[in-house]
Amino acid sequence: MQIDISQLLVRWSGGDEGALQELIPAVYAELRRLGRSTLRRDSRESLLQPTALVHEAWMRIAGKPHVSMETRKQFYALAAKMMRDILVDHARRRQAAKRGGSHIEIPLDDANLAGRSQEVDYLILDDALTRLGELKPQCARIAELRYLTGLTIDETAEVLNVSHATIEREWGFARAWLRRELQSAGNSAPP
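**Student:** For this particular structure, what's the right way to read the overall build of the protein?
**Tutor:** A count of helices and strands for the protein gives eight helices and two strands. Helices and strands appear in the protein in the N-to-C order α-α-α-α-β-β-α-α-α-α. A burial count over the protein gives 45% of its 191 residues as buried. Considering only intrachain contacts with a sequence separation of at least 6, the fraction spanning at least 24 residues in the protein is 62%.

The structure is reproduced here in structure tokens:
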């Protein structure tokens, strides 16, 4: 018997704590996949493991009062945003601990763009994504889902409920815009 995640989300949004307990096992495997995909982009050994990322993201989602979600698409988009926030917080703590020393860097590439991986400072990437979100919110959401969680074009189209062609077009814009922003900040970025 397959669990209806959307129905559980509606019940949870309505305040049903039992729905939350049923939701955890139903979405855990997908959250782990998102967490692994997100952390895979860190070319150096990370202190943050996928399980820790998923658990912290889950705690933040579960701790949000009156979360209004009706579809699994909305849930996974929120999970992607939570993971981004966690990685930014983690990078800031590490940077503060080192007093400006080592930064967490992750490669900015599109499934091995041009066959090589480049690295970018995660805090600068987050700032660039935030600026992109002010300019073109959907492009920023696409970049977050594609790059940070590793969703495919089709998966991203499904989450955002837009066409495959729209995702390709806006992902192309987002990549070019982010590349320019990262290069102007003095970070290496994809060619």
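**Student:** What should I look at first to understand unusual backbone geometry in this one?
**Tutor:** Residues other than glycine seldom take positive phi values, yet Asn-161 does so here, at roughly 55 degrees. As for its position among the elements, Asn-161 is in the loop between helix 7 (153–160) and helix 8 (164–184).

**Student:** Sorry, what's going on with helix 8 here?
**Tutor:** Given 3.6 residues per turn, any residue in an α-helix points the same way as the ones three and four places further on. With 21 residues, helix 8 extends 30 Å from end C-alpha to end C-alpha; this agrees with the ideal 30 Å at 1.5 Å per step. Within the sequence span of helix 8, burial applies to Thr-166, Ile-167, Glu-170, Trp-171, Ala-174, Trp-177, Leu-178, Arg-179, Glu-181 and Leu-182.

**Student:** Please explain the nonpolar core as it appears in this structure.
**Tutor:** The nonpolar side chains of soluble globular proteins are, as a tendency, buried together. By size, the foremost hydrophobic cluster in this structure holds 53 residues, and its most contacted members are Trp-12, Leu-23, Val-27, Leu-31, Ile-61, Phe-75 and Leu-178. Elements supplying a minimum of two residues to this core: helix 1 (5–13), helix 2 (17–40), helix 3 (50–62), helix 4 (72–98), helix 5 (122–135), helix 6 (137–148), helix 7 and helix 8. Considering every element that reaches this core, the biggest residue donor is helix 4, with twelve residues. When sequence neighbours within four positions are dropped, the list of residues in contact with Leu-23 reads Ile-5, Leu-8, Leu-9, Trp-12, Trp-58 and Phe-75.

**Student:** It is not clear to me how the pattern of salt bridges should be interpreted in this structure. Could you clarify?
**Tutor:** Two side chains bearing opposite charge may form a pair once their charged atoms approach each other closely. Under the criterion given, the structure shown has nine salt bridges. Between Glu-56 and Arg-60 there is a salt bridge whose closest N-O contact spans 3.2 Å. Of this pair, Glu-56 and Arg-60 are both found in helix 3, four residues apart, which corresponds to roughly one turn of the helix. The class for Glu-56 is partly exposed, based on a relative accessible area of 27%. Of the charged contacts in the structure, one is a salt bridge between Glu-181 and Arg-180, with a shortest N-O distance of 2.9 Å.

**Student:** Please clarify how the packing of helix 6 against helix 7 should be interpreted in this entry.
**Tutor:** The relative placement of two packed helices comes down to the angle between their axes together with the axis-to-axis distance. For the pair helix 6 and helix 7, interaxial distance at closest approach is 10 Å and the crossing angle is 130 degrees. Compared by their axis directions, helix 6 and helix 7 come out oblique. Where helix 6 crosses over helix 7, the two elements pack in a sense that is right-handed. From helix 6, Gln-138, Arg-141, Ile-142, Leu-145 and Arg-146 reach across to helix 7, where they touch Ile-153, Thr-156, Val-159 and Leu-160. Tallied by class, residues from the contact of helix 6 with helix 7 come to five nonpolar, two polar and two charged.

**Student:** What's the story with the packing of aromatic side chains in this structure? I'm lost.
**Tutor:** The description of two aromatic rings rests on the distance between their centres and on the angle between their planes. Evaluated as defined, the whole model comprises two aromatic pairs. Through pairs of rings, three or more aromatic residues link up here, namely Trp-12, Trp-58 and Phe-75.

**Student:** Explain the environment of Ile-142 here, please?
**Tutor:** Considering the arrangement of structural elements, one finds Ile-142 in helix 6. Setting aside anything within four residues of it in sequence, one finds Ile-142 in contact with Tyr-147, Thr-156, Leu-160, Ile-167, Glu-170 and Trp-171.

Conventions used here
Residues numbered from 1 in each chain as written. Predicted model: local features only at pLDDT ≥ 70, side-chain atom pairs only at ≥ 80, totals over all residues. Heavy atoms only, no water. Helix = DSSP H or I, 4+ residues; strand = E, 2+ residues; numbered from the N terminus. Buried < 20%, exposed > 50% of the residue type's maximum accessible area, 1.4 Å probe, protein only. Contact = heavy atoms within 4.5 Å. Expected span 1.5 Å × (residues − 1). Core = buried A, V, L, I, M, F, W, Y, C linked by side-chain atoms within 4.5 Å. Salt bridge = Lys/Arg side-chain N within 4 Å of Asp/Glu carboxyl O. Axes fitted to C-alpha atoms, helices over the stretch in contact; angles between N-to-C directions. Parallel < 35°, antiparallel > 145°, perpendicular 65-115°, else oblique. Left-handed = near helix turned anticlockwise from the far one by under 90°. Nonpolar A, V, L, I, M, F, W, Y, C, P; charged D, E, K, R; others polar. Phe/Tyr/Trp six-rings, centres within 6.5 Å; stacked < 30°, edge-to-face > 60°.

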